[in-house]
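Summary of the model geometry
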Amino acid sequence: MDQSLFHELHEKDPDLSERKWTLVNGPVIVGAEPSGLATSAFLREQGVPFVVLERAECIASLWQKRTYDRLKLHLPKQFCQLPKLPFPEDFPEYPTRKHRLFMMKPVVSGGSRPCRTRPSSSTFAAGVVTTGENAECVVPDIEGLKDFGGEVIHACEYKSGEKFEGQKVLVVGCGNSGMELSLDLCNHNASPSMVVRSSVHVFPREVFGKSTFEIAVSMMKWLPLWLVDKLMLILARLVLGNVEKYGLKRPSMGPLELKNAKGKTPVLDIGALEKIKSGDINVVPGIKRFTYKQVELVNGERLNIDSVVLATGYRSNAPSWLQEGDFLCKKGFPKAPFPHGWKGNGGLYAVGFTRRGLSGAASDAIRIAQDIGMLWKHETKQHKKISIAFHRRFISQF
Ligand SMILES: Cc1cc2nc3c(=O)[nH]c(=O)nc-3n(C[C@H](O)[C@H](O)[C@H](O)COP(=O)(O)OP(=O)(O)OC[C@H]3O[C@@H](n4cnc5c(N)ncnc54)[C@H](O)[C@@H]3O)c2cc1C
Ligand SMILES: NC(=O)C1=CN([C@@H]2O[C@H](COP(=O)(O)OP(=O)(O)OC[C@H]3O[C@@H](n4cnc5c(N)ncnc54)[C@H](OP(=O)(O)O)[C@@H]3O)[C@@H](O)[C@H]2O)C=CC1
Ligand SMILES: O=C(O)C(=O)Cc1c[nH]c2ccccc12
């Protein structure tokens, strides 16, 4: 590192010399999951050397290690493809997590392994944040949870309901995780109670054999968002009836408006609602406190429970490692609203913070790779020109 820069940084951070530093030529991509891998694939195609940094010891760690066995994508496959890697026709409409991992293999074996680069004499610098909207588990601090005495896990540690057979399990949270894990627990002969502390939008995953998400996307081409929201709610009411009578209060904001404004994903139901209607999943209100093997709810009711699954969501971790104040907000999302959040100043980029799942990540990756590809070509051309001029001058001295 340049000595004057080192001194300047050392003044700000006295521990600097204790840390390991590596000089990297080319973009640094942080995160090796769909967003990082898609960006890598595009950069490789454009001949840009890059390095991928990943905290886990493998790629695709969310899909390999932090998801449950029976997980399937809840959007049809055409909305969850990585650029240039369409799911094969013979894959099911809603691929499983194993299908998803299978699709990521070629990207990796093609060359975007963590910490891989080609030597270059250019000093081109760019940083791509792809650490995701789900980087850390949200673990709420609920009174008495530490002394509960039974097993407490987060949804990301849940693999299967097998080990909960015969148990009373409290599932905290009613997003897609809470709903799907409650269903999985039922299917393994456990008795889940699911906490709904505020409200939730529930839709069937399909209506008359057609994906509900796809219907909404088609309508968005012609109609304003507020109207699509209204029509989706009418459709849900016709197909599901009034879900509020089962304790599933709907938010006052429409589903797509809420997703855009707060990132809260509507539930695309794959069977939990039937179990709620039949009473196999017991819907309960917010938690007041835990006591030994019991939970006390805000309505004063007490339940005996054996285990707790916290399906309480995820958050970005970028503010903890990216020391730059302009690009990201406190919650670790780009400050600029979609579709402008992919590019910041000074070579900073972000992929996968659009609150639009995998298709949002794919569109970010394409934009960024094009931008970096162009800058890289310009930079290397300039570099070549300087080298040739220097070479000529050097030769002319003799
Ligand atoms: C259970 C579940 C199911 C989902 N299903 C769908 C679906 O069906 N369709 C859809 O469109 N979307 C779905 N999503 C949304 C999800 O965000 C995307 O599927 C996708 O995984 C996002 O990819 P990503 O690369 O942006 O982030 P992630 O997959 O979260 O990957 C981020 C990577 O960055 C690494 N990382 C984090 N912090 C650091 C650090 N400080 N240093 C180095 N590396 C770091 C992580 O280890 C991870 O490998 C789902 C999400 C979850 C949790
Ligand atoms: N098959 C698939 O494709 C699946 C996809 N996913 C996706 O993964 C992402 C994360 O989903 P998910 O894990 O469900 O997280 P979400 O953020 O969607 O949901 C978190 C839930 O936990 C509740 N909660 C948080 N803290 C507390 C608390 N202290 N007490 C009671 N309830 C609490 C929230 O309630 P409140 O609203 O009141 O804050 C909310 O119901 C989403 O994008 C989702 O679509 C997840 C599972 C399966
Ligand atoms: O972010 C997610 O969890 C997704 O699965 C993708 C997604 C993006 N926009 C949506 C709107 C309704 C349901 C799911 C999604």
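Along each chain, residues carry numbers from 1 onward, in the same order as the chain's sequence is written. In the order they appear in the text, chains get letters beginning with A and ligands get numbers beginning with 1. The predicted origin of the model limits local features to residues at a pLDDT of at least 70 and limits the giving and counting of side-chain atom pairs to 80 or more, whereas totals for whole chains, interfaces and linings rest on all residues. With hydrogens and water excluded, all non-hydrogen atoms of the structure serve as input to the side-chain values.

Take a side-chain nitrogen of Lys or Arg and a carboxyl oxygen of Asp or Glu: if they are within 4 Å of each other, that pair is a salt bridge. Applying the stated rule across the entire model yields ten salt bridges. Residue Glu 151 is joined to Lys 163 by a salt bridge in which the shortest nitrogen-to-oxygen separation is 3.0 Å. Of this pair, Glu 151 sits in strand E5 (residues 151-154) while Lys 163 sits in the loop between E5 and strand E6 (168-172), and the two are twelve residues apart along the sequence. Each residue is placed in one exposure class: buried if its accessible area under a 1.4 Å probe, protein chains only, is under 20% of its type's maximum, exposed if it is over 50%, and partly exposed if it falls in between. Assessed through its relative accessible area of 33%, Glu 151 is described here as partly exposed. Residue class for Lys 163 comes out exposed when judged on its relative accessible area of 51%. A salt bridge links Lys 288 to Glu 296, with the nearest nitrogen and oxygen atoms 3.8 Å apart. Counting from the N terminus, the helices are DSSP H or I runs at least four residues long and the strands are E runs at least two residues long.

The next thing to look at is the domain arrangement of the protein. Considered domain by domain, the protein is made up of domain 1 (3-59 + 106-135 + 316-396), domain 2 (138-200 + 266-313) and domain 3 (203-262). Between two residues, a contact is recorded if the distance between any of their heavy atoms is within 4.5 Å. Each partner contributes residues to the interface: domain 2 has 15 residues there, and domain 3 has 13 residues. Accessible area, probed at 1.4 Å, shrinks when two parts are joined; the buried area is that loss added up over both. Carbon and sulfur atoms supply 71% of the area that domain 2 and domain 3 bury against each other, a total of about 1,200 Å² over both sides. Between the two partners, domain 2 and domain 3, sit zero salt bridges. Definition of a polar contact: a pair of N or O atoms within 3.5 Å, with one able to donate and the other able to accept a hydrogen when the atoms are protein atoms, and with sequence-neighbouring residues admitted only if both atoms are side-chain atoms. On the surface where domain 2 and domain 3 come into contact, there are five residue pairs in polar contact (both at pLDDT 80 or more). Counting only elements with at least two residues in the side of domain 2 that touches domain 3, the list comes to strand E11 (267-269) and helix H9 (272-277). Each residue receives one of three labels: charged for Asp, Glu, Lys and Arg, nonpolar for Ala, Val, Leu, Ile, Met, Phe, Trp, Tyr, Cys and Pro, and polar for the others, Gly being one of them. Partitioned by chemical class, the residues of the side of domain 2 that touches domain 3 number eleven nonpolar, two polar and two charged. An automatic or database domain assignment supplies the residue ranges for each domain.

Counting buried positions along strand E7 (residues 191-195) yields four of five residues, so the element is predominantly enclosed. Only strands that DSSP links by at least two bridges are regarded as paired with each other. One ladder, built from five bridges, connects E6 with E7; its direction is parallel. In the strand pairing of E7, Lys 168 is matched with Ser 191. Whether a crossover is right-handed comes down to one check: with the strands pointing away from the viewer, does the path from the first strand over the helix to the second run clockwise; if it does, it is right-handed. As for the winding sense of the linkage, the β-α-β connection from E6 through helix H5 (residues 176-187) to E7 is right-handed. With three bridges connecting them, E7 and strand E12 (residues 282-284) associate as parallel partners. Its bridge partner being in E12, Ser 193 is matched across the sheet by Asn 282.

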